[in-house]
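Here are the chains, one letter per residue:
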Amino acid sequence: MLNYIWAFMILVGVIYGAITGRMADVTNAALDSASDAVSLCITMIGVMALWVGLMEIAQKSGLIAKMTKGIQPFISFLFPRIPEGHPAREYISTNLIANVLGLGWACTPAGLKAMEALADLERERGNPAYLSENTGKGNCQRVASVEMCTFLILNISSLQLIPVNMIAYRQQYGSVNPAGIIAPAIVATFFSTLTAIIYCKIMDIKRKT
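Below, the structure is looked at part by part.

Turning next to empty space enclosed by the protein. Scanning all chains against the criterion turns up 1 cavity of 30 Å³ or more. Taken as a whole, the largest cavity holds about 90 Å³ of empty space. What lines the largest cavity is Leu78, Phe79, Pro80, Arg81, Val146, Glu147, Thr150, Cys200, Lys201, Asp204, Arg207 and Lys208. Broken down by secondary-structure element, the contributors of at least two residues to the lining of the largest cavity are helix H8 (146-157) and helix H10 (182-208). If one sorts the elements of the lining of the largest cavity by residue count, H10 sits on top with 5 residues. A class-by-class count of the residues in the lining of the largest cavity yields 5 nonpolar, 1 polar and 6 charged.

Right, dumping it as structure tokens:
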């Protein structure tokens, strides 16, 4: 769908430029935007390399393990049906920690692993929709589990203490104070995460009744 939207916007721009006799401006804007995109990618590569490196140091120093252990009560509150010691808990914890630190791109691998672990959990529970993948029998329609939905919603709400990506964007485009977004981002993502938690718990209660 997004491909159609972007194609439509580009087509409208080209047609408008042709009608108004400003095709040169359209061409220059396209070339400038391509140049800006490359510059932004290079900037983001540097920023992400820095923060991923710091995360690697934190992981090897045991800091991530301590943080993961520290938020287990929170994980148990949100995912009470995930057994203690299940790999999904570790992947979810790592993903949430990376999100809180503003490493949106770096947390993606942990998020994918968490979803795979939650799918494995459904197989352990005997969910036929997930068993069919291994046995090849039937064409069961996949239905996301409660844990999967909760994790996805929590991931989207994404509490962030340090919005690394936004700071990099603001710096790239000449912001006087790139880090000025930190306080508003903390407030906004705190309330979005709080809303997500309340929503998930309400839906879980409704499901049980």
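Here we come to helix H6 (residues 108-124). Here H6 is 17 residues long and its end C-alpha atoms lie 24 Å apart, about the 24 Å a rise of 1.5 Å per residue gives. Ala110, Gly111, Ala114, Ala117, Leu118, Ala119, Leu121, Glu122 and Arg123 are the residues of H6 that are buried. Following H6 by one or two positions, glycine 126 has its phi on the positive side, about 85°.

Take the layout of surface pockets next. Each pocket or cavity is described by its volume, and for the largest pocket that value is around 360 Å³. Among the secondary structure elements, those contributing two or more residues to the lining of the largest pocket are helix H2 (23-60), helix H3 (63-70), helix H5 (87-100) and H6. For the lining of the largest pocket, the per-class residue count stands at 10 nonpolar, 3 polar and 2 charged. Its volume calculated, the second largest pocket comes out at about 280 Å³. Lining the second largest pocket are 15 residues, and of these Phe74, Leu96, Val100, Leu159 and Thr193 sit closest to its centre.

Parameters at a glance
Residues numbered from 1 in each chain as written. Predicted model: local features only at pLDDT ≥ 70, side-chain atom pairs only at ≥ 80, totals over all residues. Heavy atoms only, no water. 1 Å grid on protein atoms, 1.4 Å probe; cavity = no way out; pocket = protein on both sides within 12 Å on 5 of 7 lines; lining within 4 Å. Points joined across faces, edges and corners; volume = space filled by probe spheres on them. Helix = DSSP H or I, 4+ residues; strand = E, 2+ residues; numbered from the N terminus. Nonpolar A, V, L, I, M, F, W, Y, C, P; charged D, E, K, R; others polar. Expected span 1.5 Å × (residues − 1). Buried < 20%, exposed > 50% of the residue type's maximum accessible area, 1.4 Å probe, protein only.

All quantities given are derived from atomic positions and should not be read as evidence of function.
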